Amino acid sequence: MLLATLTEICDFLRKMITRFAPSPTGLLHLGHAYAARVAHELARIHDGSFLVRFEDIDHTRVRPDYYQAALDDLAWLGIRPTAEPWRQLDRLETYAAALEKLRTMGVLYPCFCTRREIETELAAMPAAPQGPEGPLYPGTCRHLSRAEIVDFTALGREPAWRLHSAKAGALCGHLTFRDLRCGEMAVDPTLLGDAILARRDIGTSYHLAVVVDDAAQEITHVTRGEDLLPATHLHRLLQNLLGLPKPLYLHHPLVTDEQGRRLAKRDHDRSLRSYRDSGLSPGEILAILPPLPF
Ligand code: GLU
């Protein structure tokens, strides 16, 4: 009890650090402007720090000029990071070490399935397992024998690495995270199924990299779109397995278009750059964003 109180006091006294984590695979749009503003304002009013981290592990879709374009667009809005931005492609060795730690804990398994094989298997199932965004991995490779793994490897097939979510959940026991809008949430360890933690092409994944980096950058408040709320269940599990601190969360509403669809990189006409080019001022952009959620 005393320990819990001390932890709470330390958390309270810790300087707030927030972050914005765009992927440099396109120009920033209004949704990014809002996400960056939420993180930046929260840190600003609490005299904290605001960091930028480029989620660039989707290396085939990244374009070098998008990094600077993002920073320029943010600066135009008056949003500047407190320190030099990080790039996830610079940190692959750190993710590999985290993956190795999970592997030695026995909570990962290699998966040799192709996307097509998974789709075929799901289509043949009378009741495919469902997650928040559609069917989940059906668990095909969960119980491969050592001999089967050797056979696949001999065929030259590189595996992806998946989390054995039921095993991980059993190992961690009851976990929670706190969201500033939704309150205290109990973690459902199998919500996203056996998610991929290391893609075969890059040896990591969004989930693993974001958890490792939020801890490494000592992020106290993770602010991001509410579409990522389900992912936070998995992230909390990974934090616990890897012995990393538990940040606070703020999952904010998404900026949508007139049809209520979330904005995407393909909506080029809604990029901040196109608004800038058409003569809108930063103040006018900020005025059309939804109100801050705090
Ligand atoms: N790169 C993600 C996005 O642009 C953000 C992920 C995160 O903040 O954890 O939606």
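Everything discussed here concerns the structure shown above.
Since we're looking at a predicted model, the values are computed, not measured.

Participant: Would you take a moment to explain the sheet that holds strand 2 (residues 49-54) for this structure?
Facilitator: The strands that make up a sheet pair up through hydrogen bonds in the backbone, lying either parallel or antiparallel. Spatially, the 3 strands line up as an open sheet ordered 1-2-3, and their pairing is parallel. This sheet does not close on itself; its edge strands, each paired only once, are strand 1 (17-20) and strand 3 (86-87). Sheet topology places strand 1 next to strand 2; 4 bridges connect them, and they run parallel. Bridge pairing in strand 2 places Arg19 opposite Leu51. Packing against the sheet, helix 2 (residues 30-45) makes contact with strand 1 and strand 2, and its axis sits at approximately 170° to strand 1. On top of the sheet, helix 3 (residues 64-76) reaches strand 1, strand 2 and strand 3; it is set at about 155° to strand 2, its chief contact.

Participant: Which parts of the structure should I look at to understand the pattern of salt bridges?
Facilitator: For side chains bearing opposite charge, pairing can occur when the charged atoms are close. What the rule picks out here adds up to 17 salt bridges. For Arg19, the salt bridge identified is with Asp214, shortest N-O distance 2.9 Å. Of this pair, Arg19 sits in strand 1 while Asp214 sits in helix 8 (residues 206-216), placing them 195 residues apart in sequence. Side by side, Arg19 and Asp214 carry an identical accessibility label, which is buried. Salt-bridge contacts for Arg63 lead to Asp65; the nearest nitrogen and oxygen are separated by 2.9 Å. Overall, Asp65 belongs to the partly exposed group, its relative accessible area being 43%.

Cut-off values and rules
- Residues numbered from 1 in each chain as written.
- Predicted model: local features only at pLDDT ≥ 70, side-chain atom pairs only at ≥ 80, totals over all residues.
- Heavy atoms only, no water.
- Pairing = 2+ DSSP bridges.
- Helix = DSSP H or I, 4+ residues; strand = E, 2+ residues; numbered from the N terminus.
- Contact = heavy atoms within 4.5 Å.
- Axes fitted to C-alpha atoms, helices over the stretch in contact; angles between N-to-C directions.
- Salt bridge = Lys/Arg side-chain N within 4 Å of Asp/Glu carboxyl O.
- Buried < 20%, exposed > 50% of the residue type's maximum accessible area, 1.4 Å probe, protein only.

Any link to function would need more than the numbers given here.
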